[in-house]
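# Fold and geometry: a report
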Amino acid sequence: ETKSRARGYCTAFEPEMDARYVEQQKLKADLRDAVENKRLHVDYQPMYKPDGSRIECCEALARWIHPEKGTIPPNVFIQIAEEMGIISGITEFVVERACRDCTTWPNHMSVSVNLSVQDLRNADIVAIVCAALEKSGLDPARLHLEVTESSIMDELVTVRAILADLRSRGITIAIDDFGTGFSSLSYLDSLPVDIVKIDRSFVRNIGEDSRRFKLLRGTVNLSRELGLKIVIEGVETKDQLALINAHRCADYIQGYVFSMPVATEAVIVLSDALRRKRVARRRESVA
Ligand code: C2E
Ligand code: MG
Ligand code: MG
Ligand code: MG
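The residue count restarts for each chain, going from 1 along the sequence in the order it is written. Each chain takes a letter, starting from A, and each ligand takes a number, starting from 1, following the order in which they are written. Two thresholds apply to this predicted model, a pLDDT of at least 70 for residue-level local features and 80 or more for giving and counting side-chain atom pairs, whereas whole-chain, interface and lining totals are computed over all residues. Values shown for side chains rest on all heavy atoms present in the structure; no hydrogens or waters enter the calculation.

## Describing the site of ligand 1
Any residue with a heavy atom positioned within 4 Å of a molecule or strand is treated as near that molecule or strand. As a structural note, the neighbourhood of ligand 1 is formed by 22 residues, with Q45, R63, D176, E236 and Y256 the closest of them. Polar contacts, as counted here, are pairs of nitrogen or oxygen atoms within 3.5 Å of one another; within protein the pair requires one atom able to donate a hydrogen and one able to accept it, and residues that are adjacent in sequence qualify only if both atoms are side-chain atoms. N75 places a polar side-chain atom, nitrogen or oxygen, 3.3 Å from an oxygen atom of ligand 1. Accessible surface is estimated by sampling points in the Shrake-Rupley manner with a 1.4 Å probe; for residues, cover comes only from the protein chains shown. Expressed as a share of its isolated accessible area of 800 Å², the protein-covered part of ligand 1 is 86%. Using protein atoms alone on a 1 Å grid, points that fit a 1.4 Å probe yet trap it form a cavity, whereas open point sets bounded by protein on both sides within 12 Å along at least five of seven lines form a pocket; residues with an atom within 4 Å of a point count as lining. Any molecule with more than half of its atoms within 2 Å of a cavity's or pocket's grid points is counted as sitting in it. In this structure the site holding ligand 1 corresponds to the largest pocket. Labels follow the DSSP assignment, with helices taken as runs of H or I lasting at least four residues and strands as runs of E lasting at least two, numbered in each case from the N terminus. Listed by contribution, the elements that provide at least two residues to the shell around ligand 1 are strand 2 (55-66), helix 3 (74-84) and strand 6 (172-178). At four residues, the largest contribution of residues to the shell around ligand 1 is made by strand 2. Throughout this entry, Asp, Glu, Lys and Arg are counted as charged residues, while Ala, Val, Leu, Ile, Met, Phe, Trp, Tyr, Cys and Pro are counted as nonpolar. The remaining residues, Gly among them, count as polar. Classifying every residue of the shell around ligand 1 by side-chain character gives nine nonpolar, six polar and seven charged.

## Considering the side chain of S271
Checked against the element boundaries, S271 lands in helix 10 (residues 264-286). Here's how the labels work: a residue is buried when its accessible area is under 20% of the maximum for its type, exposed when over 50%, partly exposed in between, all with a 1.4 Å probe on protein chains only. Given the relative accessible area of 7%, S271 is considered buried.

## Quick word on the nonpolar core
We define the nonpolar core as a collection of buried residues of types Ala, Val, Leu, Ile, Met, Phe, Trp, Tyr and Cys that are connected through side-chain atoms lying within 4.5 Å of one another. One finds L143 and I232 to be the most contacted residues of the largest nonpolar core, which totals 78 residues. Per element, the largest residue contribution to this core is eight residues, and it comes from helix 4 (residues 87-102).

## So, a nonpolar patch on the surface
Nonpolar side chains (Val, Leu, Ile, Met, Phe, Trp, Tyr) within 5 Å and like charges within 9 Å form the patches, drawn only from residues with over 30% relative accessible area and no salt bridge. Every case where a carboxyl oxygen of Asp or Glu lies within 4 Å of a side-chain nitrogen of Lys or Arg is listed as a salt bridge. Taken together, the side chains of L185, L222 and L226 present a nonpolar region at the surface, about 210 Å² in accessible area. Assignment of secondary structure puts L226 in the loop between helix 8 (211-225) and strand 8 (229-233).

## Description of the packing of aromatic side chains
Note on aromatic contacts: the rings of Phe and Tyr and the six-membered ring of Trp form a pair at centre separations within 6.5 Å, being stacked when their planes are under 30 degrees apart, edge-to-face when over 60 apart, and tilted otherwise. Taken as a whole and judged by the stated rule, the model has three aromatic pairs. Note on Y44 and W105: the rings are 5.0 Å apart at their centroids and 85 degrees apart in plane angle, and the pair reads as edge-to-face. A residue pair is termed long-range when its members are at least 10 positions apart, and Y44 in strand 1 (residues 41-48) and W105 in the loop between helix 4 and strand 4 (110-114) qualify at 61 residues. We note that Y44, like W105, is buried. Residues W64 and F77 carry aromatic rings whose centres are separated by 6.0 Å and whose planes lie at 80 degrees to one another, so their mutual orientation is edge-to-face. In this pair, W64 is assigned in strand 2 and F77 in helix 3, connecting sequence segments 13 residues apart.

## Looking at the coordination of the magnesium ion (ligand 2)
Shown as donors are all N, O and S atoms within 2.8 Å of a metal ion, widened to 3.2 Å for Na, K and Ca; because water is not in the atom set, sites may appear incomplete. Protein coordination of the magnesium ion (ligand 2) is provided by E59 (OE), N114 (OD1), E146 (OE) and D176 (OD), with donor distances spanning 2.0 to 2.2 Å. Here the donor residues of the magnesium ion (ligand 2) are spaced in sequence according to E-x54-N-x31-E-x29-D. Here the magnesium ion (ligand 3) and the magnesium ion (ligand 2) are spaced 3.5 Å from one another, each receiving a donor from D176. Here E59 is found in strand 2, whereas its partner N114 is found in strand 4, with 55 residues between them in sequence. With relative accessibility at 28%, the residue N114 sits in the partly exposed group.

## Description of the coordination of the magnesium ion (ligand 4)
Every protein donor of the magnesium ion (ligand 4) is listed here as D177 (OD) and E233 (OE), and their distances to the metal cover 2.2 to 2.6 Å. Between the magnesium ion (ligand 4) and the magnesium ion (ligand 3), both coordinated by E233, there is a metal-metal distance of 3.1 Å. Taken together, the residues D177 in strand 6 and E233 in strand 8 connect sequence positions 56 residues apart. The class for D177 is partly exposed, based on a relative accessible area of 25%. Since its relative accessible area comes to 9%, E233 is described here as buried.

## Side note on helix 9 (residues 238-246)
Those residues of helix 9 lying buried are Q240, L241, L243 and I244. Down the axis, helix 9 shows its buried residues gathered within 165 degrees of arc, on one side only. Away from its buried face, by an angle of more than 90 degrees, helix 9 presents the exposed residues K238, D239 and A246. What makes two residues a contact is simply this: any of their non-hydrogen atoms within 4.5 Å. Elements that come into contact with the buried residues of helix 9 comprise helix 8, strand 8 and strand 9 (252-254). Looking one or two residues beyond helix 9, the residue adopting positive phi is R248, at roughly 50 degrees. Working definition: the arc comes from the directions between the helix axis and the C-beta atoms, pointing outward to the latter.

Structural data, given as structure tokens:
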């Protein structure tokens, strides 16, 4: 019904736009359908101890496989969902699935879920998150929520109240993509957050003397002074890892150098392999 109305509208004004418009409307209808029927998936990208010996947390990343178009990247469908005002349906699905999957992982591991700027404008998010925790029985201490730097700049007062509420329940809050917005470092101090995830643009092309690396180190040192933990994301090569570790920049490392996003079953396999390695190494050192 909406589709035919939309087509009529478009043909009357801009016939050449018709095909593209109809296709976009179809994609939107398909997304709405996928969200309503929970036909989305969640992959998990591990965050490791800097020496790679252990997975501490995994980030939940939404996946949509369109029946005809195949994989649609989250950057694309998340934005469409935001435009359509249906992002909270995705958040609800992901946080529910993430909490449930985390209960099947080793106890020391946490799960981290991305929130959209729109989630932070609506106090319903607190009820959505609490329902997922209750339903799964997951300890709130094992749930992290990621909010982007730009989304917290947006409506500071509401956002701050919602984050403080979530945090008072034992949930950990991380600032995602840090360093890509225009916020000043000084406001880090005023936000209810625990973890800073340094954006991967700081890691690309880093070298010992690069200005980018100096910025990264400065941000890390200041964040630590404020009592925050540091995740460095987008670490792709052994050289980048070595440089970051030589300067002890990270508390956790997330990037292709250790692992790409994987299914929940693979998280268990990866963490189990590391556990066996740790046990073997301990035996060697005793012998
Ligand atoms: P993000 O939250 O910053 O997630 C990290 C993205 O960087 C993921 O892309 C991940 O696959 C990618 N990545 C990780 N390590 C590396 C690396 O070493 N090199 C490179 N080049 N990339 C790396 P993905 O899964 O395509 O997600 C993109 C963005 O979509 C996420 O960025 C996040 O902003 C958004 N997103 C994904 N799932 C959700 C969700 O459930 N809710 C919301 N609101 N946003 C989501
Ligand atoms: Mg994230
Ligand atoms: Mg990120
Ligand atoms: Mg990022």
